[in-house]
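Next come the chains, spelled out residue by residue.
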Amino acid sequence: MVKIALKFKADLQNVTDLHPEGEDFRWYLKVKCANCGEVTDDYVYLTLEENTPLKGGRGHASLVLKCKFCERENSIDIMKDTISKYTANDSNKYKSMVTFNCRGVEPVDFSPRNSTNHYFLLIGSSSDMDDMCELYGAL
């Protein structure tokens, strides 16, 4: 098992912090099979609330997927206690937002997108929030 942290960097202006909201927040990743090197064509997502049993009764993971090329079963689990906020004090610095427990696969790309109306929660002044919500169509 390999633990891989997702490091995040942003320039927060008029925003106090940024963090994933809820256990149903979707982490969108492209992943590479550690066995054959094949990278997923599309982004796959994983959440804290979704768990899939591993083959052979070896536990469960947030995401279990079979490589299209070598047909090996791989998995990723979100380490819940590693999820953290990105604050104004972290602005323009890399900070670990979450750590994944990876078995046979490694994340190679992250897409910070909304999922079923869940955005990274942005906290700032009310006028700034109105502008951001309007920009992202959340109002």
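Residues numbered from 1 in each chain as written. Predicted model: local features only at pLDDT ≥ 70, side-chain atom pairs only at ≥ 80, totals over all residues. Heavy atoms only, no water.

This next bit is on the overall build of the protein chain. Secondary structure assignment for the protein chain yields one helix and twelve strands. Expressed as a percentage of its 139 residues, the buried residues of the protein chain come to 35%. Taking contacts inside the protein chain between residues at least 6 apart in sequence as the whole, the part at least 24 apart equals 62%. Surface exposure of the protein chain reaches about 8,400 Å², of which carbon and sulfur atoms provide 47%. (Helix = DSSP H or I, 4+ residues; strand = E, 2+ residues; numbered from the N terminus. Buried < 20%, exposed > 50% of the residue type's maximum accessible area, 1.4 Å probe, protein only. Contact = heavy atoms within 4.5 Å. Areas by Shrake-Rupley, 256 points an atom, 1.4 Å probe, with all protein chains shown as cover.)

Sheet strands pair by backbone hydrogen bonding; their relative direction is either parallel or antiparallel. Taken together, the three strands give an open sheet; going across it, the order is β4-β3-β11, and neighbouring strands pair in antiparallel fashion. Each edge of the open sheet carries a strand with a single partner, namely β4 (44-46) and β11 (105-111). Across the sheet, the axes of successive neighbouring strands diverge by a mean angle of 50°, strand direction being ignored. Relative to β11, strand β3 (residues 27-33) is paired through six bridges, and the arrangement is antiparallel. By the bridge assignment for β11, Leu29 is matched with Phe110. (Pairing = 2+ DSSP bridges. Axes fitted to C-alpha atoms, helices over the stretch in contact; angles between N-to-C directions.)

What follows is about the side chain of Ser111. By secondary structure assignment, the location of Ser111 is in strand β11. With near-sequence residues (within four places) excluded, Ser111 lies in contact with Tyr28 and Tyr43.

Here we take up the confidence of the model for the protein chain. In the predicted model, the protein chain carries a mean pLDDT of 83, and 81% of its residues have values of at least 70. Below a pLDDT of 50 lies the segment residues 115-119, which in the model reaches 13 contacts outside its immediate sequence neighbourhood of four places, other chains included. This stretch, residues 121-139, has a pLDDT under 50; its non-local contacts, to residues over four places away or in other chains, come to 28 contacts. (pLDDT = per-residue confidence, 0-100.)

Among the nonpolar cores identified, the biggest contains 23 residues, and Trp27, Leu46, Ile76 and Phe100 are the most heavily contacted of them. Looking at this core, the elements that each hand over two or more residues are β1 (2-8), β2 (15-19), β3, β7 (63-66), β8 (73-79), β10 (95-103) and β11. In terms of residue count, the dominant contributor to this core is β10 (four residues). In this structure, Leu46 is in contact with Phe25, Arg26, Trp27, Leu29, Ser62, Leu63, Ile76, Ile78 and Phe100, ignoring residues within four places of it in sequence. (Core = buried A, V, L, I, M, F, W, Y, C linked by side-chain atoms within 4.5 Å.)

A word on unusual backbone geometry. The backbone phi angle of Glu71 is positive, close to 65°, even though this residue is not glycine. Within the element layout of this structure, Glu71 appears in the loop between β7 and β8. A relative accessible area of 54% means that Glu71 is categorised as exposed. Of note, Asn92 is a non-glycine position whose phi angle comes to about 65°, a positive value. Take Asn92: it is sitting in the loop between β9 (86-87) and β10. Residue classification places Asn92 among the partly exposed residues on the basis of a relative accessible area of 45%.

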